Amino acid sequence: MSIMDHNGGSVIAMVGKDCVAIASDLRLGNQALGISSNFQRIFPVTDRIYLGLPGLATDVATLHERLRFRLNMYTIKEEREIEPETFAHLVSSTLYEHRFGPYFIEPVMAGMSKTPSGGLKPFIAATDLIGCLNFAKDFVVAGTASSKLYGVAEGLWEPDLEPEDLFETISQTLMNAVDRDAFSGWGGIVHVITKDKVITRTLKARMD
Amino acid sequence: MAADTTAARSIVKMKVDEDKIKTLSPHLLMAYSGEPGDTVQFAEYVERNIRLYQIRNLYALRPSAAASWIRRSLAESLRSRRPYSVNLLLGGYDTATHDPHLYWIDYLGTISEVPFAAHGYGSYFALSLLDRGPLEEGLATLKRCIDEVSKRLVVSPGNYKIKVVDKDGVREVEL
């Protein structure tokens, strides 16, 4: 019934040991009717920041275009790549600008941020549709299967997972949650961001 | 790409030879449905703008670029005082990369590139048939979809217009 559930779809991000992961399903629907099983809602922002945009599909495209524009303006003005914390506030302010006629999206971000000593540490964040930021230390969820994702993630996640273990944890969390949600599913995609590379894998999931 | 040719108002068929597929450029087709009035107005707006681009730049927009432009028009319209309620299918042949594209677009500005697509009441029959049907036998599978809609849909329309776009451009075909 809600406009947030019109197209379906869910995103989750998790912190590991010197790595982060972000994953989403691939369904685009029109209420209960499935339209596409290859709808990408996670976008690379920089080499080490990824952004997931679950919610109304028209706003996925619109917000992605808008954020790409604001990010390019930032990069040109500052002559450097944006940091994940700064990017989270950019997303937040972009959404709050539309406080009384919002984009129906609840963004989820995952990335590696620079530390003062020159190292990299994992970063995840999520906001609601008007840009209220949530910086979590463990995992963040959003989308039509968010309540299920909370439950499964709470049971499976543990601190300091290595990239391969984090991949397994986030994949199982996503698949088991979206299989219980009628509006999410139809395949999945996982990105694991480590210090020096990003591992992207598509998941073979239930197609019903 | 196929669309029925009925223009109805309430329960009355007003016209039985309405063309609902516009040729936007030599290698681009757009089928449209939705609120009567909005559909033709928006389709002509798109048609003229795509033509203007072609005149100014001496080459046509590629299917992906045209799709993005049309999506944006609908998304901007959605948050205006009176949005267009038009649903579209955009099919085109990219003459630069030599591959076909099909886009499913709805009045909200939702866009998705898909192997097959449908709008309207017939979509429930057509999509489930296409989930299994052989997509390689394009026109034969398309005919099966139309036949299925004629067979199962209570208010099935009588006639269809079918257009094909490939490397040689746009042509109309009879089944």
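Since this is a predicted model, take the numbers as computed values, not measurements.

Enquirer: Even after reading the chapter, I still don't get helix α1 (residues 57-78) of chain A, so can you show me in this structure?
Expert: Every α-helix carries 3.6 residues per turn, so stepping three or four residues along brings you back to the same face. Taking 1.5 Å of rise per residue, 22 residues should cover 32 Å, and α1 of chain A covers 31 Å from first to last C-alpha, within 8% of that figure. Among the residues making up α1 of chain A, those that are buried are A57, T58, D59, V60, A61, T62, L63, L67, L71 and Y74 of chain A. Looking at the buried positions of α1 of chain A, the neighbouring elements they touch are β3 (28-30), β5 (42-46), β6 (49-52) and α2 (84-96) of chain A together with α2 (63-78) of chain B. One or two residues past the end of α1 of chain A sits E79 of chain A, with phi positive at roughly 55°.

Enquirer: What should I look at first to understand unusual backbone geometry in this one?
Expert: Note: most residues except glycine have negative phi, and most peptide bonds are trans. Positive phi, close to 55°, is recorded for D18 of chain A, a residue that is not glycine. Tracing the backbone through its elements, the reader meets D18 of chain A in the loop between β1 (10-15) and β2 (19-25).

Enquirer: Explanation requested: a nonpolar patch on the surface in the structure shown.
Expert: Residue and element names in this part refer to chain B. Taken together, the side chains of Y121, Y124, V154 and V155 define a hydrophobic patch exposed on the protein surface, amounting to about 540 Å² of accessible area. Looking at the secondary structure, you find V155 in the loop between α4 (138-152) and β9 (160-166). Classification of V155 by relative accessible area gives exposed; the value is 59%.

Enquirer: Please clarify how the sheet that holds strand β8 (residues 120-127) of chain A should be interpreted in this entry.
Expert: Two pairing modes exist for strands in a sheet, parallel and antiparallel, and in both the strands are linked by backbone hydrogen bonds. Residue and element names in this part refer to chain A. The strand order β5-β6-β7-β8-β9 describes an open sheet built from five strands, whose pairing is antiparallel. Across the chains shown, the open sheet's two edge strands, defined by having one partner strand only, are β5 and β9 (133-134). Alignment of β5 against β6, held across four bridges, turns out to be antiparallel. The residue bridging P44 from the neighbouring strand is Y50, located in β6.

Calculation notes
- Residues numbered from 1 in each chain as written.
- Chains lettered and ligands numbered in written order.
- Predicted model: local features only at pLDDT ≥ 70, side-chain atom pairs only at ≥ 80, totals over all residues.
- Heavy atoms only, no water.
- Helix = DSSP H or I, 4+ residues; strand = E, 2+ residues; numbered from the N terminus.
- Expected span 1.5 Å × (residues − 1).
- Buried < 20%, exposed > 50% of the residue type's maximum accessible area, 1.4 Å probe, protein only.
- Contact = heavy atoms within 4.5 Å.
- Patch = residues over 30% accessible without salt bridge, like charges linked within 9 Å, V, L, I, M, F, W, Y side chains within 5 Å.
- Areas by Shrake-Rupley, 256 points an atom, 1.4 Å probe, with all protein chains shown as cover.
- Salt bridge = Lys/Arg side-chain N within 4 Å of Asp/Glu carboxyl O.
- Pairing = 2+ DSSP bridges.

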